Amino acid sequence: MKFRLERDVIADAVAWTARTLPTRPSMPMLAGLLIEATDQQLMLSSFDFEVSGRVLVNADVMEPGRVLVSGRLLADISRLLPAAPVTISVEGSRVEVTCGRSSFTLPTLPVDDYPSLPDMPGSSGTVPGSVFAHAVAQVAIAAGRDDTLPTLTGVRVEILDNTITLAATDRYRLAVREFPWTPANTSLDVQALVPARTLADTAKSLAGCDEVHLALAASGASDGLMGFEGDGRRTTTRLLDGEFPKYRALLPSESATTATVDTAALVEAVKRVSLVAERNTPVRLMFADGEVELRAGTGDEAQANESLECSVDGAAIEIAFNPQYLQDGLSALDDATTHLSFTTATRPAVLTGGSQASSPSYRYLLMPVRLSS
Amino acid sequence: MTNPAEDVFGELIGQDAVVAQLRAAAADAPAARAGQPSTAMTHAWLITGPPGSGRSTAALALATALVCPTGGCGTCEECMLVRHSSHADVEHVIPEGVDYLRAEADALMHSAALAPTRSLWHVFVLEDADRLTEVVGNSMLKSIEEPTPGTVWILCAPSAQDVLPTIRSRCRHVTLATPSTTAVAAGLVSSLGVDPAMASFAARASQGHIGRARALATDEAARLRRQDVLRIPLQLGDLGSCLALAADLVETVNADAAAMCDPLDAREDAALRAVYGDGAQGKGLGTVERRAKGAFKDMQERHKRRRRRVVRDQLDRAIVDLIGFYRDVLVIQLGAHTELVNAEMRPQIERVASASQPPETLLRVDALERTRNLLAANVPALLAFESLTVTLKDPSLASSGAVRRDRVTG
Ligand SMILES: [Zn+2]
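If you're wondering where the values come from, they're calculated on a predicted model, not measured in any experiment. (Residues numbered from 1 in each chain as written. Chains lettered and ligands numbered in written order. Predicted model: local features only at pLDDT ≥ 70, side-chain atom pairs only at ≥ 80, totals over all residues. Heavy atoms only, no water.)

With respect to the overall build of chain A
So, step 1. Each helix and strand counted, chain A has six helices and 27 strands in total.
So, step 2. Along the first, second and third principal axes, the C-alpha set of chain A runs to 80 × 45 × 35 Å.
So, step 3. Within chain A, buried positions represent 55% of all 373 residues.
So, step 4. When contacts within chain A are restricted to residue pairs at least 6 apart in sequence, long-range pairs at least 24 apart make up 66% of them.
So, step 5. Total accessible area on chain A stands at roughly 16300 Å², and carbon and sulfur atoms take up 47% of it.
So, step 6. Charge-centre separation for chain A: the mean point of 31 positive side chains lies 5 Å from the mean point of 46 negative side chains. (Helix = DSSP H or I, 4+ residues; strand = E, 2+ residues; numbered from the N terminus. Buried < 20%, exposed > 50% of the residue type's maximum accessible area, 1.4 Å probe, protein only. Contact = heavy atoms within 4.5 Å. Areas by Shrake-Rupley, 256 points an atom, 1.4 Å probe, with all protein chains shown as cover. Lys, Arg positive; Asp, Glu negative; His and termini not counted. Charge placed at Lys NZ, Arg CZ, Asp CG, Glu CD.)

Here's what the structure looks like:
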């Protein structure tokens, strides 16, 4: 095997593939990175039985071949390369990397037992990488992290014709985001539950792509995978199996009070108020008479008052939230103004972007903390 | 359909009833996965049986049969992947420590929620399910009771009583019998081509432990070690000789464990080094130890635990062999018409039998059982065996308990 390519191309490709290498591999060879050179193309792959990563780049291939090398080592080397064309060749059981005046030698690993990567599942369509990454980030923030409640560690993906809906909840909040996409064939109706951490990492790593292909097997097929591909980079991840909560029923259909407030001002106020209070103290918000008053703590101990201008419509309401969850929602909205709607102080509040109050594409539902007094 | 004689269940020796049950489960599995009610297939199994009866063989056979399109042919790609521990839908878990760790259970809960990717089922084989402690085990209950639709748990343990009741009650229990001497001997002849006389000796001497029978049938050193152990009852003399015999035994076992573990450790160390790029050259590269820091530490811990386990298994084997010897003594003393485990030592056994009475023999067997418990409680091996040899020499000391207490605490 022998090929040549630009430093930045190989460095990016290695960094992207090494991203998913397991840190504590269940089998040593899974810490390997597979290099395959064919017909002017170079393919790098990693796989740990849960997530696979594969990147395809153009290269000047002088001699095709296939080797497995230490992923961590190759990643370290690719960071040390000077800005010059890189030549990689196999000499016996060693790989030689030369780049300008630098040269490195890596041992090869036995490649025969390396597991074959899964194929991309059947149906697919496309969405701009930036749209996908933003939508996933907005939703993944609400996913649970407790593996004893595995279905809550996933993001529910629902594809119905031209619309994708993402949802995640850890029981304290629920984030739902809808966005359009371009399916390869119409009349699609599929659902899947994707591990949130993998989905978030993958979407972020493909954010720069003009188009990201999403691939999910039609309902009923048993290949249990979702695939993502953009600019020659492809990831598959195993799906979570199991029932995601029937979240649509949780979204309130009406409200008693609505409020609109400057997002940045509210975020800053929540930060300040919760900083001076004890950790994990709920932050209380009193919406009335054109302002929102913030206090941290409960009962008479409440302290650190602060008021903000706020347009309030409907009955006055006092409601308390976990400050971190409130801040998460406000940042995820990514909108200059925030629209909040309430039914009662014990029922969930819904946060939406002020600029899309009429038909929000993103909703962040937040359970209030019960006040003791 | 697969020829039953050559499929994955063929490796189980002397377990016809269990094989029939597991084959039926595998045959019914596709229908069960499609949502049809099934009596033969279920999502949580507990396979128990004495050491060496083939618990993990049975568990892996069922796992293979569930992911093989033809119920465990033993030759297709799926079957080969399981055999090489590289099937994406079969996870074989051996606890790293004395107990399952919380982190191991958490990782399992995550994996167990994942859908199968190339088969109908995602199968988890858990060895040593008796090492699931209450806290860790209970965190897994929900998944074992009501796993995600494609997940199957196959737990292995010496006996159902050793497993948390909460887990036990959620599993279908399959019990392996101690395979008969005839079945083990026949298995040795057919699978290893061992000479029938040797096979018969090994089957008898192993007392139904298949792995042990294989070793005795094929490994001269294992046979010699066993002979050394069985000579102990004949050589017990004054206190000094008892202590020396105990020291010899423990030393031999440690040396054997080293002989067995050193090459394995070295091979795994080399494989791990290779994977983290040992031998790489170039300016600015850190050392392999640094790249693989966590992985090396994990491996060394694993090696230590493996060695401890090998030592313990060998010591336990010595005790089993000695129990077999005194059982033979008792058979002679009582004039029972039972086949001797150590038929080739009949003259020596008769000598011991005529020099003592059955109650003493029973006390000696008690002392052996007690030693076993001491080892399980991590009492240092030398202390436990010194106490043992002294008691074997004069079993009347055991009833007072004096020797045991002195030696163990001293
Ligand atoms: Zn097969």
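From this point, the discussion proceeds with the structure in view.
Quick notes on the sheet that holds strand β4 (residues 51-58) of chain A
All names here are of chain A.
So, step 1. Here nine strands make up an open sheet; going across it, the order is β6-β2-β3-β4-β18-β17-β16-β10-β14 and the pairing antiparallel. Edge positions in the open sheet fall to β6 (65-70) and β14 (182-183), since each of these has one partner strand only.
So, step 2. Note that strand β16 (residues 212-216) and strand β17 (residues 225-230) share four bridges and pair antiparallel. For Leu216, the partnering residue across the bridge sits in β17 and is Met226.
So, step 3. In the packing of helix α1 (residues 7-18) onto the sheet, contacts are made with β2 (32-38), β3 (41-47), β4 and β18 (233-238), and the angle to β4 comes to roughly 170°.
So, step 4. Strands in contact with helix α2 (residues 71-80) are β2 and β6; relative to β6, the strand with the most contacts, it is inclined by about 90°. (Pairing = 2+ DSSP bridges. Axes fitted to C-alpha atoms, helices over the stretch in contact; angles between N-to-C directions.)

Comments concerning the interface of chain B and chain A
So, step 1. The interface is formed by 38 residues belonging to chain B together with 34 residues belonging to chain A.
So, step 2. Here chain B meets chain A over a buried area of about 3000 Å², counting both sides, of which 59% is carbon and sulfur.
So, step 3. The largest share of the area that chain B buries against chain A comes from Thr117, Val275 and Arg291 of chain B, three residues that together contribute 18% of it.
So, step 4. Across the chain B-chain A interface, the total number found is one salt bridge.
So, step 5. In this structure, Asp89 of chain B engages Arg238 of chain A in a salt bridge whose closest nitrogen and oxygen atoms are separated by 2.7 Å.
So, step 6. Joining chain B to chain A, the criterion identifies 10 residue pairs in polar contact (both at pLDDT 80 or more).
So, step 7. The set of elements that each furnish at least two residues to the side of chain B that touches chain A consists of α4 (102-112), α12 (239-275) and α14 (293-334) of chain B.
So, step 8. It is α4 of chain B that provides the largest number of residues to the side of chain B that touches chain A, a total of four residues.
So, step 9. A class-by-class count of the residues in the side of chain B that touches chain A yields 13 nonpolar, 17 polar and eight charged. (Buried area = accessible area lost by both parts, 1.4 Å probe. Salt bridge = Lys/Arg side-chain N within 4 Å of Asp/Glu carboxyl O. Polar contact = N/O pair within 3.5 Å; in protein donor to acceptor, adjacent residues only side chain to side chain. Nonpolar A, V, L, I, M, F, W, Y, C, P; charged D, E, K, R; others polar.)

Some thoughts on the coordination of the zinc ion
Residues and elements named next belong to chain B.
So, step 1. Coordination of the zinc ion by the protein comes from Cys68 (SG), Cys73 (SG), Cys76 (SG) and Cys79 (SG), over a distance range of 2.3 Å.
So, step 2. In this structure, the zinc ion is coordinated by four donor atoms arranged in tetrahedral fashion, with angles at the metal of 103 to 113°.
So, step 3. Going along the chain, you hit the donors of the zinc ion in the pattern C-x4-C-x2-C-x2-C. (Donors = N, O, S within 2.8 Å, 3.2 Å for Na, K, Ca; no water. Tetrahedral: all angles 85-135°; square planar, octahedral: opposite > 155°, others 65-115°.)

Let's talk about the environment of Pro128 of chain A
So, step 1. Mapped onto the elements, Pro128 of chain A comes out in the loop between β10 (123-127) and α3 (129-140).
So, step 2. For the pair formed by Pro128 of chain A and Tyr364 of chain A, sequence separation is 236 residues and the distance between their alpha carbons is 23 Å.

Description of the pairing of β3 of chain A
Residue and element names in this part refer to chain A.
So, step 1. With five of seven residues buried, β3 is to be regarded as a mostly interior element.
So, step 2. As paired elements, β2 and β3 share five bridges and run antiparallel to each other. Its bridge partner lying in β3, Glu36 is registered against Met43.
So, step 3. Hairpin connection, β2 to β3: the antiparallel pair is bridged by two residues, and Asp39 has positive phi, about 25°.
So, step 4. Pairing analysis gives seven bridges linking β3 to β4, with the strands arranged antiparallel. Bridge assignment links Leu42 to a residue of β4, and that residue is Val57.
So, step 5. The turn linking β3 back onto β4 is made up of three residues, and Phe49 within it adopts a positive phi angle of 75°.

Examining the packing of α14 of chain B against helix α16 (residues 358-376) of chain B
All names here are of chain B.
So, step 1. Relative to each other, α14 and α16 sit at 170°, their axes nearing to 9 Å. In terms of orientation, α14 and α16 fall into the roughly antiparallel class. The handedness of the crossing between α14 and α16 comes out as left-handed. Listed contacts from α16 to Arg312, Leu315, Asp316, Ile319, Val320, Leu322, Ile323, Tyr326, Val329, Leu330, Gln333 and Leu334 of α14 are Pro358, Thr361, Leu362, Arg364, Val365, Leu368, Glu369, Thr371, Arg372, Leu375 and Ala376.
So, step 2. A per-class count over the contact of α14 with α16 returns 15 nonpolar, three polar and five charged. (Parallel < 35°, antiparallel > 145°, perpendicular 65-115°, else oblique. Left-handed = near helix turned anticlockwise from the far one by under 90°.)

Side note on the pattern of salt bridges
All names here are of chain A.
So, step 1. Counted by the stated rule, this structure contains 42 salt bridges over all chains.
So, step 2. Ionic pairing is found between Arg248 and Glu158, a salt bridge with its closest N-O pair at 2.5 Å. On the criterion of sequence distance, the pair formed by Arg248 in the loop between β18 and β19 (257-262) and Glu158 in strand β11 (residues 154-160) is long-range, its members being 90 residues apart.
So, step 3. A residue is classified by how much of its surface remains accessible, and Arg248, at 44% relative accessible area, is partly exposed.
So, step 4. Judged by relative accessible area, Glu158 falls into the buried class, the value being 12%.

Considerations on the confidence of the model for chain B
Residues and elements named next belong to chain B.
So, step 1. Of all residues in chain B, 95% have pLDDT values of 70 or greater, and the mean over the chain is 89.
So, step 2. Strand β1 (residues 44-48) holds the highest mean pLDDT among the elements of chain B, 97, whereas helix α19 (residues 402-409) holds the lowest, 42.
So, step 3. Across residues 400-410 the pLDDT falls below 50, and counting only partners more than four positions away or on other chains, this stretch makes 14 contacts in the model.
So, step 4. Among the prediction metrics, the complex's ipTM stands at 0.83, with pTM recorded as 0.84. (pLDDT = per-residue confidence, 0-100.)

Details of α2 of chain A
So, step 1. Of all 10 residues that make up α2 of chain A, seven are buried, and the element is covered over most of its length.
So, step 2. Among the residues making up α2 of chain A, those that are buried are Gly71, Leu73, Leu74, Ala75, Asp76, Ile77 and Ser78 of chain A.
So, step 3. Looking at the buried residues of α2 of chain A, the elements they touch are α1, β2, β6, β8 (94-99) and β9 (102-107) of chain A together with α13 (288-291) of chain B.
So, step 4. The residue sitting at the N-terminus of α2 of chain A and contributing the capping side-chain oxygen is Ser70 of chain A; that oxygen lies 3.2 Å from the backbone nitrogen of Leu73 of chain A.

What about helix α5 (residues 263-276) of chain A?
Residues and elements named next belong to chain A.
So, step 1. Over its 14 residues, α5 extends 21 Å from the first C-alpha to the last, a length consistent with the 20 Å expected when each residue adds 1.5 Å.
So, step 2. Among the residues of α5, Thr263, Leu266, Val267, Ala269, Val270, Val273 and Ser274 are the ones counted as buried. Buried residues of α5, viewed axially, fall in a sector of 165°; they line one side. Turned more than 90 degrees away from the buried face of α5 sit Leu275 and Val276, all of them exposed.
So, step 3. For α5, the N-terminal capping position is held by Asp262, with its side-chain oxygen 3.4 Å away from the main-chain nitrogen of Ala264. (Expected span 1.5 Å × (residues − 1). Arc of directions from axis to C-beta.)

Some thoughts on the nonpolar core
So, step 1. The biggest cluster of nonpolar side chains holds 98 residues, and the ones touching the most others in it are Phe3, Phe132 and Phe287 of chain A.
So, step 2. In terms of residue count, α3 of chain A provides more of this core than any other element does, six residues in total.
So, step 3. Of all hydrophobic cores here, the second largest spans 40 residues; its members include Val329, Val331, Ile349 and Ala381 of chain B. (Core = buried A, V, L, I, M, F, W, Y, C linked by side-chain atoms within 4.5 Å.)

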